[in-house]
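Here is what each chain is made of, one letter per residue.
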Amino acid sequence: GRDRPQTLFRPAGAVMAGKTGCALDWGGFDKALGKAAQKMKNRQKMMDSIGEALVSGTVKRFSDGKGPDGREWPTSGRAAAQGGQTLVGRLRNSVDYAATLDKVMVGTNLPYALIHQMGGTITPKTKKHLKFKGANGWATVDKVSIPPRPFIGISNEDLEEAKSTIAAFMAG
């Protein structure tokens, strides 16, 4: 089978956070999808197809630099100094799905995913300052504020893709 993150995603609440990352509740679309899926023979295959499409749409947001609502992400200091994309690499590559017969969940198991999804301020827990390597070398600061750069969510494109997948499976 496919290599999947060890942590599955919980399907309740808006954006969920835990020690392992974040996932998203679709606001009712997941329930409608589950009801439609119950009437089909190949529903696990359909749910997997939808999951793969949603992961593809989520990964595309990293290259587009836009959230599911189409709004552009604020450029990171690293991207501004060095060029390139704002969010890259491990976070993008960690996006995966978990599908059951009744629902599809898209998320990541990385602990820092939520700060990028929701934004926030990072402060030191055990030291007086944060120290990290930035675009211009090592920095020592009291705090770091990260603006929200939502990547998990359902865009209009994602919704249309899911609808056409469902229609194709219902047609046989």
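Check the entry above for the structure.
If you're wondering where the values come from, they're calculated on a predicted model, not measured in any experiment. (Residues numbered from 1 in each chain as written. Predicted model: local features only at pLDDT ≥ 70, side-chain atom pairs only at ≥ 80, totals over all residues. Heavy atoms only, no water.)

All right, on to helix α6 (residues 156-171) then. Look at α6: 22 Å from first C-alpha to last across 16 residues, which is about the 22 Å you get at 1.5 Å a residue. Burial in α6 covers these residues: Asp158, Ala162, Thr165 and Ile166. One side of α6 holds all its buried residues, which, seen down the axis, span an arc of 100 degrees. Opposite the packed face of α6, turned more than 90 degrees from it, sit the exposed residues Asn156, Glu157 and Ala171. Two residues or fewer after α6 comes Gly172, characterised by a positive phi angle close to 105 degrees. (Helix = DSSP H or I, 4+ residues; strand = E, 2+ residues; numbered from the N terminus. Expected span 1.5 Å × (residues − 1). Buried < 20%, exposed > 50% of the residue type's maximum accessible area, 1.4 Å probe, protein only. Arc of directions from axis to C-beta.)

Moving on: the nonpolar core. Judged by nonpolar contacts, the single largest core of 21 residues is most densely connected at Ile50, Phe62, Leu91, Val104 and Phe151. Listing elements by their share of this core, those giving two or more residues are α2 (43-64), β3 (96-99), β4 (104-108) and α6. Residue contributions to this core peak at six residues, all from α2. (Core = buried A, V, L, I, M, F, W, Y, C linked by side-chain atoms within 4.5 Å.)

Turning our eyes to something else, we now look at the packing of α2 against α6. Between α2 and α6, the shortest axis-to-axis distance is 10 Å and the interhelical angle comes to 160 degrees. One way to sum up the angle between α2 and α6 is to call them roughly antiparallel. Crossing geometry of α2 relative to α6 is assigned as right-handed. When α2 is examined against α6, the residues Lys45, Met46, Ser49, Ile50, Ala53, Leu54, Gly57, Lys60 and Arg61 are found in contact with a partner set consisting of Glu157, Asp158, Glu161, Ala162, Thr165, Ile166 and Phe169. Residues of the contact of α2 with α6, tallied by class, amount to seven nonpolar, three polar and six charged. (Axes fitted to C-alpha atoms, helices over the stretch in contact; angles between N-to-C directions. Parallel < 35°, antiparallel > 145°, perpendicular 65-115°, else oblique. Left-handed = near helix turned anticlockwise from the far one by under 90°. Contact = heavy atoms within 4.5 Å. Nonpolar A, V, L, I, M, F, W, Y, C, P; charged D, E, K, R; others polar.)

Right, let's get into the pattern of salt bridges. Pairing between side chains of opposite charge can happen when the charged atoms of each approach one another. In the structure shown here, the tally under the stated rule is four salt bridges. Across the salt bridge formed by Lys60 and Asp64, the nearest N and O atoms sit 2.7 Å from each other. Of the two residues, Lys60 and Asp64 both sit in helix α2, four residues apart, roughly one turn of that helix. Between Glu160 and Lys163 there is a salt bridge, with the nearest N and O atoms lying 3.8 Å from each other. Of this pair, Glu160 and Lys163 both sit in helix α6, three residues apart, which is roughly one turn of the helix. (Salt bridge = Lys/Arg side-chain N within 4 Å of Asp/Glu carboxyl O.)

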